[in-house]
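Residue strings, one per chain:
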Amino acid sequence: MSTVEHRDLRRAMVETCRRMNELGINQGTSGNLSVRIPDGLLITPTSLPYERMGPEDIVELGFDGTYVGRHRPSSEWRFHRDILRARADVDVVLHCHSTFATVLAIHHKEIPSFHYMTAVAGGTTIRCAPYATFGTQALSDHAIAALQDRQACLLAQHGAIVVAKSFERALWLAVEVETLAKMYVHALTLGPPPVLSDEEMGRVMDQMRRMSYGQAPDPEGTNDVARPRSAGTA
Ligand code: 13P
C-alpha cells in the first residue's frame, strides 16, 4: 500500500468533507468519511479539521485493521471498516453530527414514516442504534444492526450514519436525513404526528425504485410517468 495512491479518490474525499461543512451538516472535527478501495478503504484522519485536511492526509486502512498514512485513522474506523466489509452494496460511509438528527438521537428516537421521504433510507423508519462509546466495537455492532436493509441510521446520543454508492449520493442522503429530522422535531411540537401505513410506504418504495427517485435524470427514460420527447414528436 502506498500513501500517494488513489489521488482522485483522496481529492474527492477532501471535497466531500468540505461540502459537509458548507451544507451545515457538520463542523469542527466531528464526522468522518470513507470509501472502498481494493482490500480496504480510504478514511479521514482523526481530529483534523476539514479546512486543514489535504488529499495526502487521508489514511489507507486494510480490512485487517492495519493502516498506512501520516495520521491515525478516524476513531470510528471500526464501523467504517465493518460496514464496507458487510455491505457489498455500499462504497461510501459518511458519519456526521448534523443538529436535528442528533437532537432525535439524544432522545433515542427513530424517524418514523411521518413523511413519505423517510423511505429514501430504504425502509419505513430510519432506526436509532443504541448508545455505545464512540470508537468502540459495540458502537460498530449497533450501527451494522440499525443499518440492516437501510442506507441511514441515527446513533443514540451521538449523530447519524449514511451509506451510499457515491460521495454525491451520500451527501444528498445526509442532507435528506437532516431535513427529515428537522421536520419531525417541528412536527412533534404539535403533538405526535400521524404516520403513513406500512402498505403505503411499500407503494412509496416501489415508486422510488421505478422512478430512480433522488438520482440524476435517467437518459434512457425508464421513469414510467414521463419519458423524454423523442426527436420528431410534437
Ligand atoms: P474522528 O475525528 O476520530 O473522526 O472523530 C469524530 C467523530 O465524529 C467521532 O464519532
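Residues numbered from 1 in each chain as written. Predicted model: local features only at pLDDT ≥ 70, side-chain atom pairs only at ≥ 80, totals over all residues. Heavy atoms only, no water.

Regarding the site of the ligand
Selection criterion: Throughout this document, a residue counts as near a molecule or strand when at least one of its heavy atoms sits within 4 Å of that molecule or strand. Think of a polar contact as two N or O atoms within 3.5 Å of one another; within protein, one of them needs to be a possible hydrogen donor and the other a possible acceptor, and neighboring residues in sequence only count if both atoms come from side chains. For the accessible areas, the method is Shrake-Rupley and the probe is 1.4 Å, while residue cover comes only from the protein chains on display. The nonpolar class holds Ala, Val, Leu, Ile, Met, Phe, Trp, Tyr, Cys and Pro. Asp, Glu, Lys and Arg form the charged class, and all remaining residues, Gly among them, are polar.
Neighbouring the ligand are Thr-29, Ser-30, Gly-31, Asn-32, Thr-46, Ser-47, Ser-74, Ser-75, Glu-76, His-95, His-97 and His-158. Between an oxygen atom of the ligand and a side-chain N or O atom of Asn-32, the distance comes to 2.8 Å. At 3.1 Å, a side-chain N or O of His-97 approaches an oxygen atom of the ligand. Contact with the protein chains covers 91% of the free accessible surface of the ligand, which is 310 Å². A class-by-class count of the residues in the shell around the ligand yields no nonpolar, 11 polar and one charged.

Examining the pattern of salt bridges
For clarity, the threshold we go by: The term salt bridge refers to a side-chain nitrogen of Lys or Arg lying within 4 Å of a carboxyl oxygen of Asp or Glu. Secondary structure counts use DSSP, requiring at least four H or I residues in a row for a helix and at least two E residues in a row for a strand, with both numbered from the N terminus. The cut-offs for exposure are 20% and 50% of the maximum accessible area for each residue type, with area from a 1.4 Å probe on protein chains only; residues under the lower value are buried, those over the upper are exposed, and the others partly exposed.
Per the stated rule, a full pass over the model turns up 12 salt bridges. Of the charged contacts in the structure, one is a salt bridge between Arg-85 and Asp-82, with a shortest N-O distance of 3.4 Å. In this pair, Arg-85 and Asp-82 are both assigned in helix H2 (residues 77-86), three residues apart and thus about one turn of the helix distant. Between Arg-203 and Glu-200 there is a salt bridge, and its shortest N-O distance comes to 2.8 Å. Highlighted residues: Arg-203 and Glu-200, both in helix H6 (residues 198-211), separated by three residues, approximately one helical turn. Given the relative accessible area of 27%, Glu-200 is considered partly exposed. Residues joined in a network through salt bridges with shared partners are Arg-36, Asp-91 and Lys-165.

Considerations on the packing of aromatic side chains
Quick reminder of the rule: Only Phe, Tyr and Trp rings are paired, with Trp represented by its six-membered ring, and only when their centres lie within 6.5 Å; those with planes under 30 degrees apart are stacked, over 60 edge-to-face, the remainder tilted.
The tally for this structure, following the rule as stated, stands at two aromatic pairs. Considering the side-chain rings of Phe-114 and Tyr-184, the 5.0 Å spacing of their centres and the 40° angle between planes classify their relative orientation as tilted. Of this pair, Phe-114 sits in the loop between helix H3 (99-106) and strand E6 (128-129) while Tyr-184 sits in helix H5 (residues 167-188); the two residues are 70 residues apart in sequence, bridging distant segments of the chain. Each member of the pair, Phe-114 together with Tyr-184, is buried. Ring geometry for Tyr-116 and Tyr-213: centres 6.4 Å apart, planes at 55°, overall tilted.

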